[in-house]
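Listed here are the chains, written in short residue letters.
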Amino acid sequence: MLAKVLPQEGGLEGSHSGLYNGVIGLFGLFTLVGLAFGVHAMFIGHEHAYGVTREVPWGLMLAAYVFFVVTSTGLCLVSSIGHVFGYDAFKPIAKRSVYLAIATIVSGFLVIFFEIENPWRMAIYNVISPNLSSNIWWMGTLYGAYLFFMLIEFALLQAGKHKIAGMCGLLGVISGIAAHSNLGAVFGLLNGREFWHGPYMPIYFIVSAMMSGCATVIFFHWLGYKINGWKMSEPLQESLRSVAKLGALLYLVIMFFTTWKFIAGLSGHPPGEYEAFMALLNGPYAHNFWYGEVAMGLAIPFLIILAVRARNLTAMAIGSAASIVGIFVMRYDLVIIGQIIPGFHELNITGQPHILPYTPTLHEWMVTLSGVTFCAILFMMGERLFRGHLSEDH
């Protein structure tokens, strides 16, 4: 059946193939330049290359890592609804979504490799000297297990062994949820950072991951079919409509979470937390919050889904693209805002700033860009190597 579908739908040929190769080459160049900046930072020292300080030790690259792994977990969870838990409406998106989950987490590992000052030590001592009381150790271990299960799952899907793939997918879901909730705990258990502290963070990470996954599924399925020059089948279109409806629900849930997080953070003027939220509402990060997080990340994609009643895929793809950009801003704000209010700020210590400064350097921007372009390369190569991830289901 698959052999009958492919010749009718065409492929990357002629001038279309030339454009494809040109885009791959351009993205490859950006990736290599970003890697060169990362290697240069290792030689001259992170303190000279990056804008992070002792007071603000996590910057743009950590935020990019969080963005990639959040998106990867979301893709895993959304795709598992079909081929793991048996909901037919979500089955046609499985192959491309699992592949994208692998591509995004590998891109996240690329960025975090250059963010860690001695990355090779992390891999070695993770094995020979495990610290079971460390959230960071658990994060690395669980994400390693998650990537392993996702790779096996994707290979089994390509081989057509859907039952065994579903079992590996379930293990991937379990390890992904464990890893991702643990990533939330890395922030939420830091009781010295009032903006992050609390049981809210691991739950928020899981829900927002699924929201990210829905936006990514819609946009990259639409883009994949544009790249291949194919006409999308009705079952796949219906599947993406189901994903959009799930996404609309998750946008509402995140709006609900965000509203109550702000109410809790502003009520009673809790030290440290109140100032952080005010920096988002009407302070130096207000544009990020209102235009990036609220407008692009939540409101625009939600309103587009409602306006087209989850039926116009092009409109939903545009909304999903805006959402992906807004979600990146959301991760950046989450990481930075939690650090910019100095400890003991309420004591009005002479010479201590009210808000600690942080500005990403060129090195940070270029390494982050290399993660984005590397992910784009993996996506485009996947469209060619795996023939658009077509299956008997669509």
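Residues numbered from 1 in each chain as written. Predicted model: local features only at pLDDT ≥ 70, side-chain atom pairs only at ≥ 80, totals over all residues. Heavy atoms only, no water.

**Q** Outline the nonpolar core, supporting the account with residue identities and numerical values.
**A** By size, the foremost hydrophobic cluster in this structure holds 112 residues, and its most contacted members are Tyr143, Phe187 and Phe205. In contact with Phe205, other than residues within four places in its own chain, are Val66, Val70, His180, Leu183, Gly184, Phe187 and Leu334. (Core = buried A, V, L, I, M, F, W, Y, C linked by side-chain atoms within 4.5 Å. Buried < 20%, exposed > 50% of the residue type's maximum accessible area, 1.4 Å probe, protein only. Contact = heavy atoms within 4.5 Å.)

**Q** Residue-level account of the packing of aromatic side chains, with values.
**A** Applying the stated rule across the entire model yields 25 aromatic pairs. Aromatic side chains Phe154 and Phe386 sit 4.9 Å apart centroid to centroid with 90° between the ring planes, which places their arrangement in the edge-to-face category. On the criterion of sequence distance, the pair formed by Phe154 in helix α7 (residues 135-158) and Phe386 in the segment after α14 (362-385) is long-range, its members being 232 residues apart. Residue Phe386 is classed as partly exposed on the basis of its relative accessible area, which comes to 26%. Centroid distance Phe262 to Phe289: 5.0 Å. Interplanar angle 40°. Geometry classified as tilted. Of this pair, Phe262 sits in helix α10 (residues 234-266) while Phe289 sits in helix α12 (residues 286-308); the two residues are 27 residues apart in sequence, bridging distant segments of the chain. The exposure classification of Phe262 matches that of Phe289, with both residues buried. One aromatic cluster is present, formed by Trp58, Phe187, Trp196, Tyr200, Tyr204, Phe205, Phe256 and Phe257 through successive ring pairs. (Phe/Tyr/Trp six-rings, centres within 6.5 Å; stacked < 30°, edge-to-face > 60°. Helix = DSSP H or I, 4+ residues; strand = E, 2+ residues; numbered from the N terminus.)

**Q** Outline α10, supporting the account with residue identities and numerical values.
**A** The end-to-end C-alpha separation of α10 is 48 Å, in line with the 48 Å expected for 33 residues at 1.5 Å each. Where α10 terminates, the next one or two residues include Gly268, which has phi positive at roughly 80°. (Expected span 1.5 Å × (residues − 1).)

**Q** Before we move on, can you summarise a nonpolar patch on the surface with the specific residues and values?
**A** A cluster of nonpolar residues, Leu26, Leu29, Phe30, Val33, Leu369 and Val372, forms a patch on the protein surface that exposes about 460 Å² of accessible area. At 4 residues, the largest contribution of residues to the nonpolar patch is made by helix α2 (residues 14-44). Here Leu369 is to be found in helix α14. Note on Leu369: relative accessible area 30%, which makes it partly exposed. (Patch = residues over 30% accessible without salt bridge, like charges linked within 9 Å, V, L, I, M, F, W, Y side chains within 5 Å. Areas by Shrake-Rupley, 256 points an atom, 1.4 Å probe, with all protein chains shown as cover. Salt bridge = Lys/Arg side-chain N within 4 Å of Asp/Glu carboxyl O.)

**Q** Break down the packing of helix α4 (residues 60-83) against α14 for me, with residues and values.
**A** Two packed helices can be described by the angle between their axes and the distance between those axes. Axis separation between α4 and α14 bottoms out at 9 Å; the angle between their running directions is 20°. If you check the angle between α4 and α14, you find them roughly parallel. Here α4 and α14 pass one another in a crossing that is right-handed. In this structure, α4 contributes Leu60, Met61, Ala64 and Phe68 to the contact, and α14 contributes Glu364, Trp365, Val367, Thr368, Gly371, Val372 and Cys375. Taken together, the residues that form the contact of α4 with α14 break down as 8 nonpolar, 2 polar and 1 charged. (Axes fitted to C-alpha atoms, helices over the stretch in contact; angles between N-to-C directions. Parallel < 35°, antiparallel > 145°, perpendicular 65-115°, else oblique. Left-handed = near helix turned anticlockwise from the far one by under 90°. Nonpolar A, V, L, I, M, F, W, Y, C, P; charged D, E, K, R; others polar.)

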